[in-house]
Amino acid sequence: MEPTPQTSANDLRSALRALVRPVAVVTAAHAGRHYAMAATAFCEVSMDPPSMLLCINRANATHAVVAEGGELCLNLLAEDHCEISRRCGGGVEPEERFDLGDWVFDPGRPPRLADACASILLRPVRVVDHATHAVVIGEVTGVTRRGDRSPLGFHDGAYLFPLAGAAFNLVAQSARLGEAGGMTDGFLMLDVMRAFYWFDEGLQSALRARGWDEVSRSQSMAFANIALGVRRPIDLARNLGITRQGVSKMLQEMVDREWVVIEPDPTDKRASIVVFSEKSQQLRADALEILDRIDEELGKRIGRKALESLRATLARDWGPPPEIAGNGSPQ
Ligand SMILES: Cc1cc2nc3c(=O)[nH]c(=O)nc-3n(C[C@H](O)[C@H](O)[C@H](O)COP(=O)(O)O)c2cc1C
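Below is a summary of the structure that appears in this document. Here the structure is a predicted model, which means the values were calculated and not measured. (Residues numbered from 1 in each chain as written. Predicted model: local features only at pLDDT ≥ 70, side-chain atom pairs only at ≥ 80, totals over all residues. Heavy atoms only, no water.)

Things to note about the site of the ligand
In step 1: The environment of the ligand is formed by 17 residues, the closest being Ala38, Ala41, Cys55, Asn57 and Ala61.
In step 2: In this structure, an oxygen atom belonging to the ligand sits 2.9 Å away from a main-chain N or O atom of Ala41.
In step 3: Between Ala61 and the ligand, the recorded distance is 2.9 Å, taken from a backbone N or O atom to an oxygen atom.
In step 4: Protein contact buries 77% of the 640 Å² of open area that the ligand shows by itself. (Near = heavy atom within 4 Å. Polar contact = N/O pair within 3.5 Å; in protein donor to acceptor, adjacent residues only side chain to side chain. Areas by Shrake-Rupley, 256 points an atom, 1.4 Å probe, with all protein chains shown as cover.)

Below you can see the structure in the form of structure tokens.
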């Protein structure tokens, strides 16, 4: 059967969803106003002279600037610019699109995103109208490149974080979480767990680099619990999800390495508590300093605002663990 125009457009959309595209925000300045639109339809044309093409919907406000021959800036977005892309993709009114992001405004020039992977200035030299869109060919008049940023992607109608995703996958694999075959996607609890592993991997490798012996993940979790005031072996066993025998064995190893000492519980003579040893002081000081630096690094990668809002959300009192009513009992 011959495809109708409508079905062939849908087929094309569906096929294009298979592609991984880089994401940019195209900016322009005209008559004292600034313009920004998210874009994925762009690529290089020639290197001599250096030129690129963009496809811009003729209904977009930015197209009017192109029609006037105005300069454009193609800001190639990094992984932490997803929210900027949403805003410039029509998420907010045009004048609010520059409220988020480290934008540099030079009088009469298109705004430039200071921490973009790269910003490419283009002088339109040719515009070919085709149906709803204009194919704009621009000669490159300037490039600003930041080599330390990883790019944001767009795939199957959603944003993609290639490097962060790869790092998470590695961590998930090492924790054998990947075995669930994709069923682990979308659950906040698993995201929080992966995030914990991410921090712990960073902490462990920095401690090793400073010459400390290997600290296992359960020992690392025990350290965190003791620092939070969980001192009884039985409570540690519950929080770490291991048996009492398991926690005794782990604590004995920590005692042998002189990280902790086991003392009688002053409030209950029959029980014992775990406390940090004098000798563990330097290890703990190093760990705290490393954790501070990991927070700082995370702030650089996901943006300070995202970090602060993550911190505030996690620090809020969520109330007691929820009691979700069952809808049947196991057979
Ligand atoms: C990820 C993404 C990619 C987009 N790519 C393009 C594109 O390549 N060309 C285009 O004309 N519009 C594209 N758009 C839509 C425009 O960004 C959107 O229509 C924009 O808000 C128009 O700006 P205006 O409201 O100032 O007219 C894209 C939107 C998103 C979210």
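Overview of the packing of aromatic side chains
In step 1: Taken as a whole, this structure holds seven aromatic pairs when the rule is applied.
In step 2: A centroid spacing of 5.1 Å and a plane angle of 85° characterise the contact between Trp198 and Phe199, whose relative ring orientation is edge-to-face.
In step 3: Overall, the relative accessible area of 23% leaves Phe199 in the partly exposed class.
In step 4: Measuring from ring centre to ring centre gives 5.7 Å for Phe223 and Phe276, while their planes differ by 15°; the resulting arrangement is stacked. (Phe/Tyr/Trp six-rings, centres within 6.5 Å; stacked < 30°, edge-to-face > 60°. Buried < 20%, exposed > 50% of the residue type's maximum accessible area, 1.4 Å probe, protein only.)

Quick look at the pattern of salt bridges
Close approach of charged atoms allows side chains of opposite charge to pair.
In step 1: Within the structure shown, the criterion is met by 22 salt bridges.
In step 2: Between Glu297 and Arg301 there is a salt bridge whose closest N-O contact spans 2.8 Å. Note that Glu297 and Arg301 are positioned in helix α9 (residues 281–302) at a spacing of four residues, about one turn of the helix.
In step 3: By relative accessible area, which is 45% here, Arg301 ends up partly exposed.
In step 4: Connected through salt bridges with shared partners, the residues Arg210, Asp286, Glu289 and Arg293 form a single ionic network. (Salt bridge = Lys/Arg side-chain N within 4 Å of Asp/Glu carboxyl O. Helix = DSSP H or I, 4+ residues; strand = E, 2+ residues; numbered from the N terminus.)

A short note on the packing of helix α5 (residues 188–209) against helix α6 (residues 217–227)
Working note: a packed helix pair is described by the angle between its axes plus the distance between those axes.
In step 1: Contact geometry of α5 with α6 gives a least axis separation of 11 Å together with a crossing angle of 100°. As summarised for this structure, α5 and α6 are arranged roughly perpendicular, according to the angle between their axes. Counted together, Phe196, Tyr197, Asp200, Glu201, Leu203 and Gln204 of α5 and Arg217, Ser220 and Met221 of α6 form the full contact between these two elements.
In step 2: Taken together, the residues of the contact of α5 with α6 sort by class into four nonpolar, two polar and three charged. (Axes fitted to C-alpha atoms, helices over the stretch in contact; angles between N-to-C directions. Parallel < 35°, antiparallel > 145°, perpendicular 65-115°, else oblique. Contact = heavy atoms within 4.5 Å. Nonpolar A, V, L, I, M, F, W, Y, C, P; charged D, E, K, R; others polar.)

Looking at the nonpolar core
In step 1: Membership of the largest hydrophobic core comes to 24 residues, with the highest contact counts inside it found for Leu236, Met250, Met254 and Trp259.
In step 2: Elements that contribute at least two residues to this core include exactly α5, α6, α7 (233–240), α8 (244–256) and α9.
In step 3: For this core, the element with the highest residue contribution is α9, accounting for five residues.
In step 4: Contact partners of Met254, with chain neighbours within four places excluded, come to Gln219, Ala222, Phe223, Trp259 and Val260.
In step 5: Of all hydrophobic cores here, the second largest spans 18 residues; its members include Val26, Tyr35, Val66 and Leu74. (Core = buried A, V, L, I, M, F, W, Y, C linked by side-chain atoms within 4.5 Å.)

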